Amino acid sequence: MASDRTSTLRDTEGHHLTQFTRNVQFAIKPGQSQEFKNVMEKDILPIMKKQDGFRGELALVNENHAVGISTWDTEKHAEAYRTNTYPKVLESLKNVIQGTPSVETFDVASTTFRS
């Protein structure tokens, strides 16, 4: 089980900022980049928005690859998503991605994004 990183990060105006980030890299099947975008928008984002501690998602897509950067209040929230929901996300993407996505996690050191 993941430890819970609880350091407080605030912007210059005192707004609470995201604490933890998951970076997931996907290989997209040939000709499936638009369908990847559709699945993200219609299926995956609504699921993610319901997750405790979820702050936001930045999805980057080109013809061959995609990167999903999700932001979370804590590592504990991201770990709960990974354990309980991420397998469903992978299932919904199985027709548009190839191989196993790589996942890296990060503490947020600084950001200009607002949560």
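Residues numbered from 1 in each chain as written. Predicted model: local features only at pLDDT ≥ 70, side-chain atom pairs only at ≥ 80, totals over all residues. Heavy atoms only, no water.

1. With respect to the packing of helix α1 (residues 33-49) against helix α3 (residues 86-93)
How two helices pack is summed up by the angle between their axes together with the distance between the axes.
Okay, step 1: With their axes 10 Å apart at the nearest point, α1 and α3 run at an angle of 140° to one another. One way to sum up the angle between α1 and α3 is to call them oblique. Regarding α1 and α3, the two cross each other, and that crossing is right-handed. The segment α1 lies against α3, with F36, V39 and I44 engaging V89, S92 and L93. (Axes fitted to C-alpha atoms, helices over the stretch in contact; angles between N-to-C directions. Helix = DSSP H or I, 4+ residues; strand = E, 2+ residues; numbered from the N terminus. Parallel < 35°, antiparallel > 145°, perpendicular 65-115°, else oblique. Left-handed = near helix turned anticlockwise from the far one by under 90°. Contact = heavy atoms within 4.5 Å.)

2. Examining the nonpolar core
Note that soluble globular proteins tend to have their nonpolar side chains buried in a common cluster.
Okay, step 1: Residues F26, F36, I44 and L93 are the most contacted members of the largest nonpolar core, which totals 20 residues.
Okay, step 2: Elements with a minimum of two residues in this core: β1 (20-28), α1, β3 (65-72), α2 (75-84) and α3.
Okay, step 3: Top contributing element to this core by residue count: α1, with six residues.
Okay, step 4: Setting aside residues up to four positions removed in sequence, F36 forms contacts with F26, I28, V61, A66, L93, V96 and I97. (Core = buried A, V, L, I, M, F, W, Y, C linked by side-chain atoms within 4.5 Å. Buried < 20%, exposed > 50% of the residue type's maximum accessible area, 1.4 Å probe, protein only.)

3. Things to note about the sheet that holds strand β4 (residues 97-107)
Okay, step 1: Spatially, the four strands line up as an open sheet ordered β2-β3-β1-β4, and their pairing is antiparallel. Among the strands making up the open sheet, the edge pair consists of β2 (54-61) and β4. Going from strand to strand, the sheet's axes swing by 15° on average, the running direction of each strand aside.
Okay, step 2: Bridge count for β1 against β3 is eight bridges, and the pairing is antiparallel. Bridging across to β3, Q25 finds its partner in V67.
Okay, step 3: Running over the sheet, α2 touches β1 and β3 and is turned about 35° from β1. (Pairing = 2+ DSSP bridges.)

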